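# Results of the structural survey
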Amino acid sequence: MKVEIGNQGVPSEMEDGEPEVVDKPCYSPVSAAAAAVWPAREGGEELFVPPLNFAMVDNGVFRSGFPDLANFCFLQTLKLRSVLCLCPEPYPEANTEFLRSNGIRLFQFGIDGAKEPFVNIPDDTVREALKVVLDVRNHPLLIHCKRGKHRTGCLVGCLRKLQRWCLSSVFDEYQRFAAAKARVSDQRFMELFDISSLKHLPISFSCSNTS
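Residues numbered from 1 in each chain as written. Predicted model: local features only at pLDDT ≥ 70, side-chain atom pairs only at ≥ 80, totals over all residues. Heavy atoms only, no water.

## A look at the environment of Leu 80
Inspection of the secondary structure assignment puts Leu 80 in the loop between helix 1 (72–77) and strand 5 (82–85). Look at Leu 80 and you get buried, because its relative accessible area is 7%. Between the C-alpha atom of Leu 80 and that of Val 61, which follows or precedes it by 19 residues, the distance is 9.3 Å. Setting aside chain neighbours within four positions, we find Leu 80 in contact with Phe 62, Leu 75, Ile 104, Pro 140, Leu 141 and Leu 142. (Helix = DSSP H or I, 4+ residues; strand = E, 2+ residues; numbered from the N terminus. Buried < 20%, exposed > 50% of the residue type's maximum accessible area, 1.4 Å probe, protein only. Contact = heavy atoms within 4.5 Å.)

## A word on the confidence of the model for the protein chain
With 72% of its residues at a pLDDT of 70 or more, the protein chain shows a mean pLDDT of 80. Below a pLDDT of 50 lies the segment residues 1–39, which in the model reaches 123 contacts outside its immediate sequence neighbourhood of four places, other chains included. (pLDDT = per-residue confidence, 0-100.)

## Here we look at the sheet that holds strand 3 (residues 55–58)
One open sheet holds the 5 strands; their spatial order is 3-4-7-5-6, and the pairing between them is mixed. Every other strand in the sheet has two partners, leaving strand 3 and strand 6 (105–108) as the edge strands with one partner each. In this sheet, neighbouring strand axes are inclined to one another by 25 degrees on average, regardless of whether the strands run parallel or antiparallel. (Pairing = 2+ DSSP bridges. Axes fitted to C-alpha atoms, helices over the stretch in contact; angles between N-to-C directions.)

## Looking at the packing of aromatic side chains
Under the definition given, this model contains 5 aromatic pairs. Seen in terms of ring centroids, Phe 66 and Tyr 91 are 5.3 Å apart; in terms of plane orientation they differ by 35 degrees. Their pairing is tilted. Here Tyr 91 lies in the loop between strand 5 and helix 2 (93–101) and Phe 66 lies in the loop between strand 4 (61–64) and helix 1, a separation of 25 residues in the sequence. For the pair formed by Phe 66 and Tyr 91, the shared burial category is buried. Look at Phe 189 and Phe 193: their rings are 5.7 Å apart centre to centre, the planes differ by 45 degrees, and that puts the pair in the tilted class. Using a relative accessible area of 11% as the deciding quantity, one classes Phe 189 as buried. Judged by relative accessible area, Phe 193 falls into the buried class, the value being 3%. The structure contains a cluster of three or more aromatic residues connected by ring pairs, namely Phe 54, Phe 62 and Phe 74. The ring of Phe 177 has Arg 63 lying over it, and the distance from NZ or CZ to the ring centre is 3.7 Å. (Phe/Tyr/Trp six-rings, centres within 6.5 Å; stacked < 30°, edge-to-face > 60°. Lys NZ or Arg CZ within 6 Å of the ring centre and 35° of its normal.)

## Section: the nonpolar core
Residues Leu 84, Val 126, Leu 130, Ile 143 and Leu 155 are the most contacted members of the largest nonpolar core, which totals 50 residues. Residue contacts for Val 126: discarding those within four places in its chain leaves Ile 111, Ile 121, Leu 155, Cys 158, Phe 189 and Phe 193. (Core = buried A, V, L, I, M, F, W, Y, C linked by side-chain atoms within 4.5 Å.)

Here it is in structure tokens:
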């Protein structure tokens, strides 16, 4: 597990027995255009602008693209304890200072965001990241990569398998965020990801409760 605090830099522009399964509803992302607004101020009043592709995953867990300065006021309203970044580049100085000043812990699990066909999503890294997500002591928690589509989508998809979502619902949620840039390799990874070593971990989220 790689945890980094205080590193400077700017992320690159790269893109990013079987358990019983049940259908689950999917969360829709906030409009991408809303996250491009800067400055986050109008008429002297603060605007609360969510990051690109922001959405609630479950109680205490959120997802998005890479937050920038325009999003900081909004992120403060979430009262985050942790941020989980899936980009391998050093965390930007402004973001690091924001986390430090708000007492937010950074977990960083670097996954290469290169485009297909040169895609390598490491199982062990996703497994360690899921342990952070499942630990309610880290909540409220924000998961993000560059655009909030591929790497974040794969991690959330693996979480959904632990929550006993059927694959069609997992893929539907992934495609809502990835849209035209959905990757067959990502969906294949989620389908084949082995959750057996994580089944012993408690899952207290609302969507894990089956009826």
